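Fold and contact review
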Amino acid sequence: MAIEAVLFDYSGVLTTSLHMPTEDVPYDPDALLSEMITALASPEANPWHELERGEISLDAYIEYAETRVPGAGVLFTVDSEQNVMASLELLQDRIVIVRELKERGLRVGLVTNNVAEWQPFWLPRLPVDLFDVVIDSAAVGHRKPEPAIYELSLAQLGIDEPSAVVFVDDFEWNVDGAVAVGMVGLHCPSELDLRASLDGLINR
């Protein structure tokens, strides 16, 4: 099956990786790291999942986070200088890769697990004509690695065959979710040569 489209994650693929400061911070870094790994990677129900699906407000999540790791709210509050989404930097070389794919005639999309209140930190950064589809978990009520968000991306692309789509993410469990619905998965750690890896999949 020829590749017709490529779907990209936002943070960690098109941007620098999420970073939690560990020096001179008002929270226990080890406790927060453990909490966030559980929130991000575990399939068990978690308020973070509800936040990313738009089911609870950011304020409600921060109230919960403070009960788990006192002081952690500084990483999530919209007006905090340490907000983890606001501190990400867009990787222009990755943006160039997206444009190159479009110029080759492929459709491109963005599928992000995100927080509704953080949209001003990331959406305005992206060139308005860059993606054919943009799927924000907080807006659609589904999050990676739930099958529904991948199925929605296929529907919005107008592609019936999942194997015609490459899905790129820096979290392996999100890639596994895409593969489970039939997409071609590409795990993208920060050191990956993304252009070469995509070429290998598209031209095989």
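See above for the structure.
Now for a description of the structure that goes with this document. Predicted model only: the values in this text are computed from it and were never measured.

Next up on the list: the packing of helix H4 (residues 92–103) against helix H9 (residues 194–202). H9 packs onto H4 with a crossing angle of 25 degrees between their chain directions and a minimal axis gap of 10 Å. With respect to their mutual orientation, H4 and H9 come out roughly parallel. Relative to H9, H4 is oriented so that their crossing is right-handed. Two secondary-structure elements touch here, H4 through Asp93, Arg94, Val96, Ile97, Glu100 and Leu101 and H9 through Leu194, Arg195, Leu198 and Ile202. Broken down by class, the residue content of the contact of H4 with H9 amounts to 6 nonpolar, no polar and 4 charged.

Backbone-to-backbone hydrogen bonds join strands into a sheet, with any given pair of strands oriented parallel or antiparallel. The 5 strands lie next to each other as E3-E2-E1-E4-E5, forming an open sheet whose pairing is parallel. Pairing within the sheet leaves two strands with one partner each, and these edge strands are strand E3 (133–136) and strand E5 (184–187). Across this sheet, the average inter-strand angle for adjacent strands is 20 degrees, counted without regard to direction. Packed onto the sheet, H9 meets strand E1 (5–8), strand E4 (165–169) and E5 and runs at close to 165 degrees relative to E5.

Where helix H3 (residues 58–68) is concerned, the buried positions are Leu58, Tyr61, Ile62 and Ala65. What you see down the axis of H3 is that its buried residues fit within an arc of 100 degrees, all on one side. Across from the buried face of H3, at angles greater than 90 degrees, the exposed residues are Asp59, Glu63 and Thr67. The secondary structure elements touched by the buried residues of H3 are helix H1 (29–41) and helix H2 (47–52).

Reading guide: rules and limits
Residues numbered from 1 in each chain as written. Predicted model: local features only at pLDDT ≥ 70, side-chain atom pairs only at ≥ 80, totals over all residues. Heavy atoms only, no water. Axes fitted to C-alpha atoms, helices over the stretch in contact; angles between N-to-C directions. Helix = DSSP H or I, 4+ residues; strand = E, 2+ residues; numbered from the N terminus. Parallel < 35°, antiparallel > 145°, perpendicular 65-115°, else oblique. Left-handed = near helix turned anticlockwise from the far one by under 90°. Contact = heavy atoms within 4.5 Å. Nonpolar A, V, L, I, M, F, W, Y, C, P; charged D, E, K, R; others polar. Pairing = 2+ DSSP bridges. Buried < 20%, exposed > 50% of the residue type's maximum accessible area, 1.4 Å probe, protein only. Arc of directions from axis to C-beta.

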